[in-house]
Amino acid sequence: MTSTHHRGWSGLRIGDMLGDQAAGNHDRELFCFEDHRVTYGTFHAWVEDVAADLVAHGVRPGDRVMVQLPNCLEALVLQMAAFRIGAINTPVVPIYREHEVRQIISDCLPAAIAVGEAWSDRDPAAEIDALLDDLGHMPKVRYLVGAHRDGWSRPPAMVPAEQGSADRRSADLPEPRDPEEPALLLYTSGTTSAPKGVLLTSRALIAHLRNFQTALRAGPDSVILVATPLSHLGGFIAGVVFPAFLGARSVVMPAWRPDEAVDVIERERATIAMGATVFLSDLVQRYEAGAAPHHRLSLYACAGATIPPSAITRAEAVGVEAMRCYGMTETAGVCAAAPKDAPLYRRAEWDGRVLPDMRIEAVDHDRQPLPAGEEGELRIHGPQLLTAYTDPGLTAAQIDDEGWFYPGDVGIVDDEGWVRMTGRIKDIINRGGEKFSTLDIEAALSSHPDVDAVAVTAIPDDRLGEGVGAWLVLRAGAQWNGPRTFIEHLEEVHLARQKIPTYWEIVDHLPSTASGKIRKQELHVSPEGVRITR
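As the structure is a computational prediction, the values presented were derived from the model and not from experiment.

Parameters and conventions
- Residues numbered from 1 in each chain as written.
- Predicted model: local features only at pLDDT ≥ 70, side-chain atom pairs only at ≥ 80, totals over all residues.
- Heavy atoms only, no water.
- Buried < 20%, exposed > 50% of the residue type's maximum accessible area, 1.4 Å probe, protein only.
- Helix = DSSP H or I, 4+ residues; strand = E, 2+ residues; numbered from the N terminus.
- Right-handed = clockwise from strand over helix to strand, strands pointing away.
- Contact = heavy atoms within 4.5 Å.
- Polar contact = N/O pair within 3.5 Å; in protein donor to acceptor, adjacent residues only side chain to side chain.
- Pairing = 2+ DSSP bridges.
- Phe/Tyr/Trp six-rings, centres within 6.5 Å; stacked < 30°, edge-to-face > 60°.
- Lys NZ or Arg CZ within 6 Å of the ring centre and 35° of its normal.

A two-sided burial pattern is seen for strand S9 (residues 223-226), the buried positions comprising Val 223 and Leu 225 on one face and Ile 224 and Val 226 on the other. Taken together, S9, helix H8 (residues 233-246) and strand S10 (residues 249-252) form a β-α-β motif whose crossover is right-handed.

Take a look at the structure:
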């Protein structure tokens, strides 16, 4: 079998990678999803079909292809097809509703949009149609997966590789983007209310894959368990990009179901998984109860949310090596992880050692490097970094003239290159790996007529790491009858449900500085608050 990363990796284009692997691993399984087992050859032929359909609809190199799908095979093929023709893959997590999607469409002006049929109580196609009409933007093609609707197309269906004509189609397709050109556009929330558009090149993605291989000790024999959203950096990298880079295979679940995951790991002999701590905790609970005595994951990489040391030590006790990692969308994934044979205390109490070719430093208020072991603002440099944000103002604010990226995190870096994040300058909530702007939630709550002032902060959550807490000052004469009124208001403005607070407290005033800035560090969960379960 071949493995693309043995070639000159810095010149590799992400749009070539699948075809390169399919040439040598045509009949090898790339991934399985429920009852579907898909080979490299079959998936490559399908990608070529979908790429040809995008081109036939007028999608060109540099156009944005927005994919907002739940976990399904189409979520993988549409993204890889975008890479193949030099379009910019723009995945959007399905939890985003009109509030967030309006901002994303306005920013990226996609040439193609793909959504699924009715999801939960929503009609995604109707939501998109209404937004497009309101914004006055018409994509070249709209794909609807799983249903028919006027004005929408269905992506080509997957057929066995031997029935296709990928070689003939390939001759008529545009080339993938050059390694130094943006290939991926991701939206992540930060200190601003609008999602931030992050542009990443093939070079950044391949640099991450190369480092990820080292960090996870992965190779062609690895079997990667995937349950995170495929319309998200972590999901589609683990689902198809990383296994294709390795010449390995993945096992993709429609959603996270812990009991089913235990069975899937056993049946498929899965070896590696990565994602939020909640997934690891769910598995460990079942292993502690005696589930799956024969085969368990050999390695789990935690990233994206608060990771208590106990999660790592409990995993160790049931035979799963786990480690904390440090990374973000802007670094194309993790940029610090534990090396092979790292002791338990390092894996449990530190967020990894800086990966090859990457640099992480702690700096003081003047952005001067601090001595090893001293706490300061973290900054990052190296080939995994974003090219830019879609907002030039954000780029100027977070990337300096020397190419250092300042994510707004606080932490320490010791003399061996181990990193520990200790806090954040940015005012965001990290709920099970999804980052939300508190300003966004505050703006939505402030639009309720009974709210005079509001502060939203992260609160501890045993399962998800962080939850959403809201402190409200009510206007004179307003009555507090519990949080239902405000929850209904957030639903009406179509805020993502994961952003809706689960802790509510009414206060007479919010603590503030002399300049009027709210001192959120003084807001704490108390017996006076109301917790709700969702």
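So, next bit.
This part covers the environment of His 137. Among the secondary structure elements, His 137 is positioned in the loop between helix H5 (124-135) and strand S6 (141-145). Leaving out residues up to four positions away in the same chain, His 137 has contacts with Ile 105, Leu 109, Pro 110 and Leu 132. Reaching out from His 137, the side chain makes a polar contact with the backbone oxygen of Pro 110 at a distance of 2.8 Å.

The subject of this paragraph is the sheet that holds strand S14 (residues 326-328). Pairing is antiparallel in the open sheet, where 3 strands are placed in the order S14-S15-S16. In the strand order of this sheet, the two ends are held by S14 and strand S16 (353-354), each with one partner. Bridging between strand S15 (residues 333-337) and S16 involves 2 bridges; their strand directions are antiparallel. Bridged to Ala 336 within S16 is Val 354.

Going through the model one piece at a time under the given rule, you end up with 8 aromatic pairs. Their ring planes at 55° and their centres at 5.4 Å tell us that Trp 471 and Tyr 503 sit as a pair that is tilted. On the criterion of sequence distance, the pair formed by Trp 471 in strand S25 (residues 465-474) and Tyr 503 in strand S26 (residues 503-506) is long-range, its members being 32 residues apart. For the pair Trp 471 and Tyr 503, one class covers both residues: buried. Of the aromatic side chains, those joined through ring pairs into one cluster are Phe 31, Phe 43 and Trp 46. Here Arg 379 stacks its cationic end above the ring of Trp 404, 4.1 Å away from the centre of that ring.

This paragraph deals with the side chain of Glu 29. Note on placement: Glu 29 falls in strand S1 (residues 29-33). Reaching out from Glu 29, the side chain makes a polar contact with the side chain of Arg 37 at a distance of 3.1 Å. Glu 29 has contacts with Arg 37, Val 38, Thr 39, Tyr 40, Ala 248 and Arg 249, leaving out every residue within four places of it along the chain.

This paragraph deals with the environment of Pro 527. Tracing the sequence through the fold places Pro 527 in the loop between S26 and strand S27 (530-531). When its relative accessible area of 79% is taken as the criterion, Pro 527 is described as exposed. Distance from Pro 527 to Glu 505, taken between C-alpha atoms, is 9.4 Å for residues 22 residues apart in sequence.

Located in the positive-phi region is Ala 332, a residue other than glycine, with phi close to 60°. When you line up the elements, Ala 332 lands in the loop between S14 and S15. Given the relative accessible area of 0%, Ala 332 is considered buried. One non-glycine residue, His 494, lies in positive phi territory at about 65°. Examined against the element boundaries, His 494 turns out to sit in the loop between helix H15 (484-492) and S26.

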